[in-house]
Amino acid sequence: MPFDFRRFDIYRKVPKDLTQPTYTGAIISICCCLFILFLFLSELTGFITTEIVNELYVDDPDKDSGGKIDVSLNISLPNLHCELVGLDIQDEMGRHEVGHIDNSMKIPLNNGVGCRFEGQFSINKVPGNFHVSTHSATAQPQNPDMTHVIHKLSFGDTLQVHNVHGAFNALGGADRLASNPLASHDYILKIVPTVYEDKSGKQQYSYQYTVANKEYVAYSHTGRIIPAIWFRYDLSPITVKYTERRQPLYRFITTICAIIGGTFTVAGILDSCIFTASEAWKKIQLGKMH
């Protein structure tokens, strides 16, 4: 007797002449196919779209930076001449630089009455401050007007990522034009290292920061202290990492199989229940007729 390989078939077929189509089954089948199509398109959209996963850890992410952080500052002082405006940098490693001029630019405003300062510089990864003031001017003005607008203050790389929302330029748009012209401004910054890793594994190093500020007119025993715009910073030991990921192919295939199989199973049970109830109702009606 020859070996029949068909005995291993777990999907036994029922002859078509033993099956019975119904209107209810047709409606359920159509709804089932539409439901599967909807879920398939939803899963396909999720598979194509990348997701951003974030995590926190304690470390210095950019060890190749030489202990430096790049800073970009753009600020307008509409009532202070450009020859009076200067940038000073101090930190706990002993750095004390007055009148920093490298990679900086001063643009006159209001026919030379005011000034827009744009600068690119670096700071050490230790607590410190940088401030815009008249300290580097050869002759100090009597009443320097420190009212200002901050257009940009950012640290590290600029992240051009739309689905990452963070405080990378928290002071952008800060308007202090209505402040006391003789007042100093203190911005206390807490800088948080941030890493963004795309699908290819390329990493960008940026920094978010929180800010608190105060405004005051300072005096000493010799009289009023020359006002300045201070940015006092400290670094958080916590690093935020954003990782760009895409759903694995095997998970997408597994989900699609689950959708198709589960939907057909539930639809089959529903159709069977409706058909059984319909047949029982018909028998009851026939019994009443007899």
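Residues numbered from 1 in each chain as written. Predicted model: local features only at pLDDT ≥ 70, side-chain atom pairs only at ≥ 80, totals over all residues. Heavy atoms only, no water.

Engineer: Can you tell me about the pattern of salt bridges, naming the residues and giving the values?
Structural biologist: Within the structure shown, the criterion is met by six salt bridges. Ionic pairing is found between Arg 95 and Glu 97, a salt bridge with its closest N-O pair at 3.1 Å. Note on Glu 97: relative accessible area 25%, which makes it partly exposed. Here Lys 241 and Glu 197 are joined by a salt bridge, their closest N and O atoms 3.2 Å apart. Highlighted residues: Lys 241 in strand S15 (residues 238–245) and Glu 197 in strand S10 (residues 184–197), separated in sequence by 44 residues. You'll find Lys 241 and Glu 197 in the same group, each marked buried. (Salt bridge = Lys/Arg side-chain N within 4 Å of Asp/Glu carboxyl O. Buried < 20%, exposed > 50% of the residue type's maximum accessible area, 1.4 Å probe, protein only. Helix = DSSP H or I, 4+ residues; strand = E, 2+ residues; numbered from the N terminus.)

Engineer: Pulling in residues and values, what's your account of unusual backbone geometry?
Structural biologist: Backbone geometry places Asn 103, a non-glycine residue, at a positive phi of 55°. Its place among the elements puts Asn 103 in the loop between strand S4 (96–97) and strand S5 (104–109). One non-glycine residue, Asn 110, lies in the positive phi region at around 55°. The topology assignment puts Asn 110 in the loop between S5 and strand S6 (114–124).

Engineer: Explain the pairing of strand S2 (residues 68–77) residue by residue, including any values.
Structural biologist: The buried fraction of S2 is high, at eight of ten residues. By the bridge criterion, ten bridges tie S2 to S6 in an arrangement that is antiparallel. Across the sheet, the residue bridging to Ile 69 is Ile 123, located in S6. The pairing of S2 with strand S8 (residues 149–156) spans six bridges and is antiparallel. Opposite Leu 73, over in S8, you have Leu 153 as the bridge partner. (Pairing = 2+ DSSP bridges.)

Engineer: Explain the packing of aromatic side chains residue by residue, including any values.
Structural biologist: To describe a pair of aromatic rings, one takes the distance between the centres and the angle between the planes. According to the stated counting rule, one finds seven aromatic pairs in the structure shown. A ring pair is formed by Phe 130 and Tyr 233, whose centres lie 6.0 Å apart and whose planes are at 35°; its orientation type is tilted. In this pair, Phe 130 sits in strand S7 (residues 128–133) while Tyr 233 sits in strand S14 (residues 229–235), placing the two residues 103 residues apart along the sequence. Each member of the pair, Phe 130 as well as Tyr 233, carries the same accessibility label: buried. (Phe/Tyr/Trp six-rings, centres within 6.5 Å; stacked < 30°, edge-to-face > 60°.)

Engineer: So, the UniProt feature "transmembrane region" (unreviewed entry) in the protein chain: which residues are in play, and what are the values?
Structural biologist: According to UniProt, the positions carrying the feature "transmembrane region" (unreviewed entry) are residues 20–41 and 249–270. The span residues 20–41 is 86% helix and 0% strand, and its two end C-alpha atoms sit 32 Å from each other. Across residues 249–270 one finds 100% helix and 0% strand; the C-alpha atoms that close the span lie 32 Å apart. (UniProt positions renumbered as here; feature names shortened; annotations may be inferred.)

Engineer: For the layout of surface pockets, give the residues involved together with the corresponding values.
Structural biologist: The space that makes up the largest pocket amounts to roughly 210 Å³. Along the walls of the largest pocket sit 13 residues, with Ser 154, Thr 158, Leu 159, Phe 168 and Asn 169 positioned nearest its centre. Ranked by residue count, the leading element in the lining of the largest pocket is S8, at four residues. Of the residues belonging to the lining of the largest pocket, the class tally is five nonpolar, six polar and two charged. (1 Å grid on protein atoms, 1.4 Å probe; cavity = no way out; pocket = protein on both sides within 12 Å on 5 of 7 lines; lining within 4 Å. Points joined across faces, edges and corners; volume = space filled by probe spheres on them. Nonpolar A, V, L, I, M, F, W, Y, C, P; charged D, E, K, R; others polar.)

Engineer: With reference to specific residues and values, describe the nonpolar core.
Structural biologist: Among the nonpolar cores identified, the biggest contains 33 residues, and Phe 130, Leu 153, Phe 155 and Phe 231 are the most heavily contacted of them. At the level of secondary structure, the elements contributing two or more residues to this core comprise S2, strand S3 (86–91), S6, S7, S8, S10, strand S11 (203–216) and S14. Residue contributions to this core peak at five residues, all from S2. Core analysis: the second largest hydrophobic core is formed by seven residues, Val 164, Phe 168, Val 240 and Tyr 242 among them. (Core = buried A, V, L, I, M, F, W, Y, C linked by side-chain atoms within 4.5 Å.)

Engineer: Got a sec to walk through helix H1 (residues 23–48)? Specific residues and values, please.
Structural biologist: Over its 26 residues, H1 extends 38 Å from the first C-alpha to the last, a length consistent with the 38 Å expected when each residue adds 1.5 Å. Within the sequence span of H1, burial applies to Gly 25, Ile 28, Cys 32, Ile 36 and Phe 47. (Expected span 1.5 Å × (residues − 1).)

Engineer: So what about a nonpolar patch on the surface? Which residues, and what values?
Structural biologist: Where nonpolar side chains cluster on the molecular surface, the patch consists of Leu 37, Phe 40 and Leu 41 and spans about 250 Å² of accessible area. Looking at where Leu 37 falls in the secondary structure, it is placed in helix H1. (Patch = residues over 30% accessible without salt bridge, like charges linked within 9 Å, V, L, I, M, F, W, Y side chains within 5 Å. Areas by Shrake-Rupley, 256 points an atom, 1.4 Å probe, with all protein chains shown as cover.)

Engineer: Residues and numbers for the state of the cysteines, please.
Structural biologist: Tallied over the entire structure, the rule returns one disulfide. A sulfur-sulfur separation of 2.3 Å characterises the disulfide bridge that pairs Cys 82 with Cys 115. As the torsion about the S-S bond is roughly 100°, the Cys 82-Cys 115 disulfide counts as right-handed. Linking Cys 82 in the loop between S2 and S3 with Cys 115 in strand S6, this pair joins segments that are 33 residues apart in sequence. Classification of Cys 82 as buried rests on a relative accessible area of 13%. Here Cys 31 stays free of any disulfide, with the sulfur of Cys 32 as its closest cysteine sulfur at 8.8 Å. Given the relative accessible area of 46%, Cys 31 is considered partly exposed. The structure places no disulfide on Cys 32, whose sulfur is separated from the nearest cysteine sulfur, that of Cys 33, by 5.5 Å. Using a relative accessible area of 5% as the deciding quantity, one classes Cys 32 as buried. (Disulfide = S-S within 2.5 Å.)

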